[in-house]
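The residues making up each chain are set out below.
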Number of protein chains: 2
Amino acid sequence: MAMQKFLLTGTGGQGLILAAIMLAEAGIYAGQNVAQSQSYGPEARGGASRAEVIIGDEDIYYPKVERPDFVLTLSQEAYKKYGLHLDEEAILIVDDTQVTEVKPRSKNFYSLPITKAVRAHFGSEQSANVLALGVVASISGYLSMDNVLQSVKHRAPKGTTEQNIKALEIGWKMGLKARENQNNKHSQNEGDES
Amino acid sequence: MAMQKFLLTGTGGQGLILAAIMLAEAGIYAGQNVAQSQSYGPEARGGASRAEVIIGDEDIYYPKVERPDFVLTLSQEAYKKYGLHLDEEAILIVDDTQVTEVKPRSKNFYSLPITKAVRAHFGSEQSANVLALGVVASISGYLSMDNVLQSVKHRAPKGTTEQNIKALEIGWKMGLKARENQNNKHSQNEGDES
């Protein structure tokens, strides 16, 4: 699997550091090397927050994510900062409630109802981070549901385990379905071209 | 204050990632730039865990701690791995219950009853991470109690806030007293030499 680099971005208070730690631990359970970090500069006080995870079977010498493979974005401001200048191959996942102004992107783009789903199921946005984690992990295809479940159980704050397991499952399904839809769309396009 | 690098080491389950995140956030509240990270290699599955925090008023380009200024060690194994080859100027803080075999170190060494205090006050080791955070932060002298308190309140798991505030206060006092004792010892030694 070489090295997979994830960037989870949004605003403070959305629980993205915790989601990143869960993602990192899932990588450990999968027997990989992992680095997880967050940097806060002056801009951290402005709004956009970012947490990074690198998972791979090689040694990780430089733990910062410079060219991410997967970017999750849960706020318009974070989108502006981290979602606009990505490699074509990078997969961008945005929340369709929080990120409404997006530059068209031909492929590797998912706008998904993360916030809506979490509100519909739990009546608040409390587990949006774990639902989003499920989306990212399942779209990436690099981790098993079992490994992510194990880390969610381990790291969920007391009293929230049940809800977070549910959120993970909803997010996991959402990600799988979105990937399937995108694959179908691509094979149709390829069909058109032939 | 330039750049201060902290290494929090121990075993998985001691809550040192959370302590590192609290320390990082205290740095943000203090208006500093901060990077916080953890790396897990194959050795992570063996036992010794480490979490890193860099706090400073400069931009942080490389977020890994290579030559720490402060090292906290809550297990014998982590001590062997991270406590033995430090610069003379690095300050090493160990728990006197968990780390019993230590190589003599002429200065900058604190062996403190972190586990004992947390057991005596709370009947379990649950807030050892936050008590230790108080010790490290107060010995470092780089952060105000107010800033650390703010991050502990923000990051303490639900239902544990009161206990963790208490743990922080106990650790803070323990660190201040230890530093005072060491300063006195040094001035005595200097007196001896003159």
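Throughout what follows, the structure given in this document is the object of discussion. Every value quoted in this text rests on a predicted model; they were computed, and no experiment measured them.

Bringing the sheet that holds strand S6 (residues 109-112) of chain A into the picture now. Remark on secondary structure: sheet strands pair via backbone hydrogen bonds, oriented parallel or antiparallel. Pairing is mixed across the open sheet formed by 12 strands, whose spatial order is S6(A)-S5(A)-S4(A)-S1(A)-S3(A)-S2(A)-S2(B)-S3(B)-S1(B)-S4(B)-S5(B)-S6(B). In this open sheet, the two edge strands, each paired with only one partner strand, are S6 of chain A together with strand S6 (109-112) of chain B. Adjacent strand axes in the sheet meet at a mean angle of 15° when their direction is disregarded. The pairing of strand S5 (residues 91-95) of chain A with S6 of chain A spans 4 bridges and is classified as parallel. From the neighbouring strand, Leu92 of chain A faces S6 of chain A, where its bridge partner is Phe109 of chain A. Its contacts with the sheet put helix H1 (residues 16-29) of chain B on strand S2 (33-40) of chain A together with strand S1 (3-11), strand S2 (33-40), strand S3 (48-56) and strand S4 (70-73) of chain B, and the angle it makes with S3 of chain B is roughly 0°. Seen against the sheet, helix H4 (residues 128-140) of chain B touches S1, S4, strand S5 (91-95) and S6 of chain B and runs at an angle of roughly 155° to S5 of chain B.

This paragraph deals with the pairing of S5 of chain B. Residues and elements named next belong to chain B. With 5 of its 5 residues buried, S5 lies for the most part within the structure. Here S5 shows two buried faces, one formed by Ile91, Ile93 and Asp95 and the other by Leu92 and Val94. Relative to S5, S4 runs parallel, the two being bridged by 4 bridges. Across the sheet, Val71 pairs through a bridge with Leu92, a residue of S5. Chirality of the crossover, the property in question, places the unit of S4, helix H2 (residues 76-83) and S5 among those that are right-handed.

Much of the literature gives interface size as the accessible area that the parts lose upon coming together. Tallying the contact residues gives 24 residues for chain B and 24 residues for chain A. Roughly 2,000 Å² of surface becomes buried between chain B and chain A when both sides are summed, with 53% attributable to carbon and sulfur atoms. Between the two partners, chain B and chain A, sit 0 salt bridges. Here chain B is connected to chain A by 2 residue pairs in polar contact (both at pLDDT 80 or more). Breaking the side of chain B that touches chain A down by element, the ones donating at least two residues are H1 and S2 of chain B. Tallying contributions element by element places S2 of chain B first for the side of chain B that touches chain A, with 8 residues. When the residues that make up the side of chain B that touches chain A are grouped by side-chain class, the tally is 11 nonpolar, 9 polar and 4 charged. In terms of strand pairing, S2 of chain A meets S2 of chain B through 7 bridges, oriented antiparallel. Considered in S2 of chain B, the bridge of Gln38 of chain A is made with Gln36 of chain B.

Moving on: helix H3 (residues 114-122) of chain A. Residue and element names in this part refer to chain A. Three or more residues of H3 are buried, namely Ile114, Thr115, Ala117 and Val118. All buried residues of H3 fall inside an arc of 165° around its axis, so they share one side. One or two steps after H3, the chain reaches Gly123, where phi turns positive at roughly 75°.

What follows concerns the relation of the copies chain B and chain A. When chain B is fitted to chain A, the best match, at an RMSD of 0.0 Å, comes from turning it 180° and sliding it 0.0 Å along the axis. The two molecules are tied by a two-fold rotation axis, judged by turn and shift. Of the C-alpha atoms belonging to chain B, the one lying closest to the rotation axis is found on Ser37 of chain B, 1.9 Å away. Most of the interface of chain B is mirrored in chain A, where 100% of its interface residues are also at the interface.

Rules of the game
Residue numbering note: each chain is counted from 1, following its sequence as written. Chains carry letters and ligands carry numbers; both start at the beginning, A for chains and 1 for ligands, and go up in the order they are written. Owing to the predicted nature of the model, reporting of local features is limited to residues with pLDDT of at least 70; listing and counting of side-chain atom pairs is limited to 80 or more, with chain, interface and lining totals taken over all residues. For the side-chain quantities, the full set of heavy atoms in the structure was used; hydrogens and water were omitted. Paired strands are those between which DSSP finds at least two bridges. The secondary structure listing takes helices from DSSP runs of H or I that are at least 4 residues long and strands from runs of E that are at least 2 residues long, numbered from the N terminus. Every angle, taken between N-to-C directions, lies between 0 and 180 degrees, and every axis is a line fitted to C-alpha atoms, over only the stretch in contact when it is a helix. We call two residues in contact whenever any of their non-hydrogen atoms come within 4.5 Å of each other. Only protein chains enter the accessibility calculation, which uses a 1.4 Å probe; a residue is then buried when its area is under 20% of its type maximum, exposed when over 50%, and partly exposed in between. Consider the strands pointing away from the viewer: the crossover is right-handed when the path from the first strand over the helix to the second runs clockwise. When two parts are brought into contact, each loses some accessible area as probed by a 1.4 Å sphere; the total of that loss over both is the buried area. Salt bridges are identified by distance alone: a Lys or Arg side-chain nitrogen within 4 Å of an Asp or Glu carboxyl oxygen. Polar contacts, as counted here, are pairs of nitrogen or oxygen atoms within 3.5 Å of one another; within protein the pair requires one atom able to donate a hydrogen and one able to accept it, and residues that are adjacent in sequence qualify only if both atoms are side-chain atoms. Under the grouping applied here, Gly and all other residues not named as nonpolar or charged are polar, the nonpolar ones being Ala, Val, Leu, Ile, Met, Phe, Trp, Tyr, Cys and Pro and the charged ones Asp, Glu, Lys and Arg. Working definition: the arc comes from the directions between the helix axis and the C-beta atoms, pointing outward to the latter. Superposition of the copies was done by least squares, using only C-alpha atoms of residues whose pLDDT is at least 70 in both.

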